[in-house]
Each structure stands twice: as structure tokens, then as C-alpha cells.
Amino acid sequence: MSPAFPLAPERASSVAGEVDAVFLFILGVTGLVAVGIWIALFYFAIRYRRRSADDRPPVIHGSLLLELSWTIIPFLLMSAMFVWGAKVFFHLNRAPDDAMPVSVVGKRWMWKLQHPTGQREINELHVPVGRAVKLVITSEDTLHSFFVPAFRIKKDAVPGRYNMAWFRATKTGTYHLFCAEYCGTEHSKMVGRVVVMEPEQYQVWLAGGPTPESPVLQGERLFTDLNCVTCHRPDSAGRGPVLNGIFSRPVALAGGERVVADQAYLRESIMSPAAKVVAGYQPVMPTYQGQVSEEQLIALIAYIESLSAPSEPAPAGRASSLPAKGARSR
Ligand code: CUA
């Protein structure tokens, strides 16, 4: 039975307990300190009030014990908050390898989501209970923030960036999804729900409706339609770098630096090709700014990610970070 006036949303993800514990610890410490300061303030104001016009208090030249204790005790409390908070922060920012990737695009004023198998949803996300789900979050216009209170996750959707949040739902049910960043007049209507289902029900849900095209297949089609394929060939005979096997590997740039070909780099290279040119190639690629949507970019990157190197196949079982082929949940 839930109380009539709940002080916190229910806990429905594997990290909810940890997040609440840190929060309550910090709230407890700061609350006790605040109460202690108020009590001391009133006590001292009354106890040491000026009693007569010529009242002169004794002069005190410090107290080592007092000064050490008001330095060391707060230091230990703050350090505990930092170490514990950092531990939870890292846990929240590192998705399990087997997490199911779901792409999230924020847009005034809706959430657009896509499953690794291609199903699209608006303002609704269906997920299986007990399975880690990794959200790759971006925005196509302004700042939004993907917030599911019951899962204790909140992550900004930033245009031009891919942010990650993950959760493992622990209970079936329907949970609120909010936008937690003021994004314009209809910000307050930018809400939705996350439906956590039994795995079998989720499979039934996936199978319902028309069979969608997976992001990898969609990306492959775009790669041809946008003529990427004429310059980026698998056999190094093209005018552009070979993309097979490039994903999450270091790339040497014309300036001598090295960058890792992650989602952010691939996105930048499609939108601003001249920004970081690969060593040995001419900056001849045109920009695709304004020609591809955020969903199409995600599909293109998912396709590039799926391209294994010609000689060495991608290691088996490597979890894709964007919705990819073969990531269908079982
Ligand atoms: Cu989107 Cu507020």
C-alpha cells in the first residue's frame, strides 16, 4: 500500500536503492548540521548576551581541540559524501556490457525512441523487466532532460552530443517519464511513460505491428542513398577512409593527433567533415548538415558500427552501443 502523500517515487530500478541511500545520507548530515547550527545560535545568543553596559567577556586565544574537531569532522563527512557519491556516479555512468541499446531523441515537445530491432515509439518506452537498457540520448533542437523518477535516472539531451543513461527495471508496471529541462512553452507537456513488461510479454509486444527496419539496415540504405558508398569503400580504393572496423578504434588525423572513432567523432565527421580530417586524405567530403535527421545520423552510425574490419571479424558478443543488428533481446 502506498501512502496518500508519498515523499519519494517508488523504487523500480536496480540503482534506485543506492541513489536513495546517498541522497538520504547527504540530507541527514546537512539536516543535522543545520539543526545543530540553529540550536547553537539560539543557545549562544541567550547564554552570552550582554548583561550590562560595562560587560566585558574574557579574551580567548583559540582552542586547538576545538579547531581540530571542527576541521576534521566536516572533512570526514564531506569525504564520505564525495567517495560514496562518486562510486554511485560511476556505477550510473557505466552501462553493463549486455545492455540493450535504445536511442532517444528529444524534440520540442516529444521523446522519440527506437529499439535495437527498429520499433519506434513516441513518448512511450516498452522494456522487459530485469534486462539492462542503455539509452543513447540526444536532441534535435534544444536542451531536454530524460527523467524517470522511479528509476532514479536523469540525463540531459544535448544537441550534437550522445549522452548515456542506463537502468535495469526491477518491477513490472508503468512509470512516469518527464522532460526535466525547461525547453519552451510546452515543456510541461513533454511527458510520457515507461512500460516495464515480463520478457515474454515484451517479445509479444515487439512482434506486434509491422516488422520494422532495424537502425543498421536503415543506415545501410542511407549509406547508399546519400552516396557515402562511392567514397567510403571497404577496399581502400575510395577517396575517403575505409570505415570497416573503424568504430571505437583510434584514428590518426592529418594534424598528427589521434582520436577515437566513437559516436561523437562519427557524428562530427558527417556534419562537419573538415573538422578532423583523417591523415592521408583530402578534405573533400561535403557536409551533411541539414540533410540528415538525428534519427538518420543514429542509423548511419549504427551501420558504421556494424561494419567489421575485412580481415578481422568483430569480437563476438561485443555489445553495441547504438541499436545494432543482432542485438535483439532474448
Ligand atoms: Cu523538453 Cu522540457
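A brief report on the enclosed structure follows. (Residues numbered from 1 in each chain as written. Predicted model: local features only at pLDDT ≥ 70, side-chain atom pairs only at ≥ 80, totals over all residues. Heavy atoms only, no water.)

## Considerations on the overall build of the protein
To be explicit about the condition: Secondary structure elements are defined from DSSP: runs of H or I of at least 4 residues count as helices, runs of E of at least 2 residues count as strands, and each element is numbered from the N terminus. Only C-alpha atoms enter the radius of gyration; for comparison, a globular chain is expected to reach 2.2 Å times N to the power 0.38, where N is the number of residues. A 1.4 Å probe rolled over the protein chains alone gives each residue an accessible area, and that area as a share of the maximum for its type sets the label: buried under 20%, exposed over 50%, partly exposed in between. Throughout, a contact is declared for two residues whenever any of their heavy atoms are within 4.5 Å. Working convention for charge: Lys and Arg count positive, Asp and Glu count negative, and His plus the chain ends are omitted. By convention, the point assigned to a charge is CZ for Arg, NZ for Lys, CD for Glu and CG for Asp.
The helix and strand tally for the protein stands at 7 helices and 12 strands. Whereas a compact globule of 330 residues would reach a radius of gyration of roughly 20 Å, the protein reaches 27 Å, over 25% beyond that. Taking the principal axes of the C-alpha coordinates as reference, the protein spans close to 95 × 55 × 40 Å. Burial statistics for the protein: of 330 residues in total, 39% are counted as buried. Within the protein, contacts between residues separated by at least 24 positions form 67% of all contacts whose residues are at least 6 apart in sequence. Treating the 33 positive side-chain charges of the protein as one cloud and the 28 negative ones as another, the clouds have centres 4 Å apart.

## What to know about the nonpolar core
This is how it is decided: Residues belong to one nonpolar core when they are buried, are Ala, Val, Leu, Ile, Met, Phe, Trp, Tyr or Cys, and are joined through side-chain atoms within 4.5 Å.
In terms of nonpolar packing, the biggest core is built from 32 residues, with Trp-111, Leu-135, Phe-146, Phe-151 and Phe-167 touching the most fellow members. The element that contributes the greatest number of residues to this core is strand S10 (residues 192–197), accounting for 4 residues. Among all residues touching Leu-135, those that are not within four sequence positions of it are Val-102, Val-104, Leu-125, Phe-146, Ile-153, Asn-163, Met-164, Ala-165 and Phe-167. Membership of the second largest hydrophobic core comes to 31 residues, among which are Phe-247, Val-259, Met-271 and Ile-298.

## Describing the sheet that holds strand S1 (residues 100–107)
Short version of the rule: For two strands to count as paired, DSSP must find a minimum of two bridges between them. Between N-to-C directions, angles cover 0 to 180 degrees, with each direction set by a line fitted to C-alpha atoms, over the stretch in contact for helices.
The strand order S3-S2-S1-S5-S8 describes an open sheet built from 5 strands, whose pairing is mixed. At either end of the open sheet lies a strand with only one pairing partner, and these are strand S3 (120–122) and strand S8 (163–168). Averaged over all adjacent pairs, the angle separating strand axes in this sheet is 25°, with direction ignored.

## Side note on the sheet that holds S10
The pairing of strands in a sheet happens through backbone hydrogen bonds and is either parallel or antiparallel. The 5 strands lie next to each other as S4-S10-S9-S6-S7, forming an open sheet whose pairing is mixed. Each having just a single partner strand, strand S4 (124–128) and strand S7 (153–157) make up the two edges of the open sheet. Taking each pair of neighbouring strands and ignoring which way they run, the sheet shows an average axis angle of 20°. In this structure, strand S9 (residues 173–179) lies alongside S10, joined through 5 bridges in antiparallel fashion. For Leu-177, the partnering residue across the bridge sits in S10 and is Gly-192.

## Some thoughts on the packing of helix H6 (residues 263–271) against helix H7 (residues 294–306)
Filter applied, for reference: When an angle is under 35 degrees it counts as roughly parallel; over 145 it counts as roughly antiparallel; between 65 and 115 it counts as roughly perpendicular; any other value is oblique. The handedness criterion is simple: a crossing whose near helix is rotated anticlockwise from the far helix by less than a right angle is left-handed, and one whose near helix is rotated clockwise is right-handed. In this classification, Asp, Glu, Lys and Arg are treated as charged, Ala, Val, Leu, Ile, Met, Phe, Trp, Tyr, Cys and Pro as nonpolar, and every other residue, Gly included, as polar.
Axis separation between H6 and H7 bottoms out at 10 Å; the angle between their running directions is 120°. By the angle class used here, H6 and H7 are oblique. Both H6 and H7 take part in a crossing whose hand is right-handed. Only Glu-294, Leu-297, Leu-300, Ile-301 and Ile-304 of H7 make contact with H6, whose side of the interface consists of Gln-263, Leu-266, Arg-267, Ile-270 and Met-271. Of the residues contributing to the contact of H6 with H7, the split by class is 7 nonpolar, 1 polar and 2 charged.

## Comments concerning unusual backbone geometry
Between Arg-108 and the following residue, Trp-109, the backbone shows a cis peptide bond with an omega angle of 0°. By the element assignment, Trp-109 lies in the loop between S1 and strand S2 (110–114). One non-glycine residue, Asn-123, lies in the positive phi region at around 60°. Structurally, the position occupied by Asn-123 is in the loop between S3 and S4.

## Quick notes on the pattern of salt bridges
What counts, and what does not: Take a side-chain nitrogen of Lys or Arg and a carboxyl oxygen of Asp or Glu: if they are within 4 Å of each other, that pair is a salt bridge.
Applying the stated rule across the entire model yields 12 salt bridges. As a salt-bridge pair, Arg-108 and Asp-141 come within 3.7 Å of each other at their nearest N and O atoms. Note that Arg-108 is positioned in the loop between S1 and S2 and Asp-141 in the loop between strand S5 (132–139) and strand S6 (144–148), a separation of 33 residues in sequence. On the basis of relative accessibility, which here comes to 25%, the residue Asp-141 falls in the partly exposed class.

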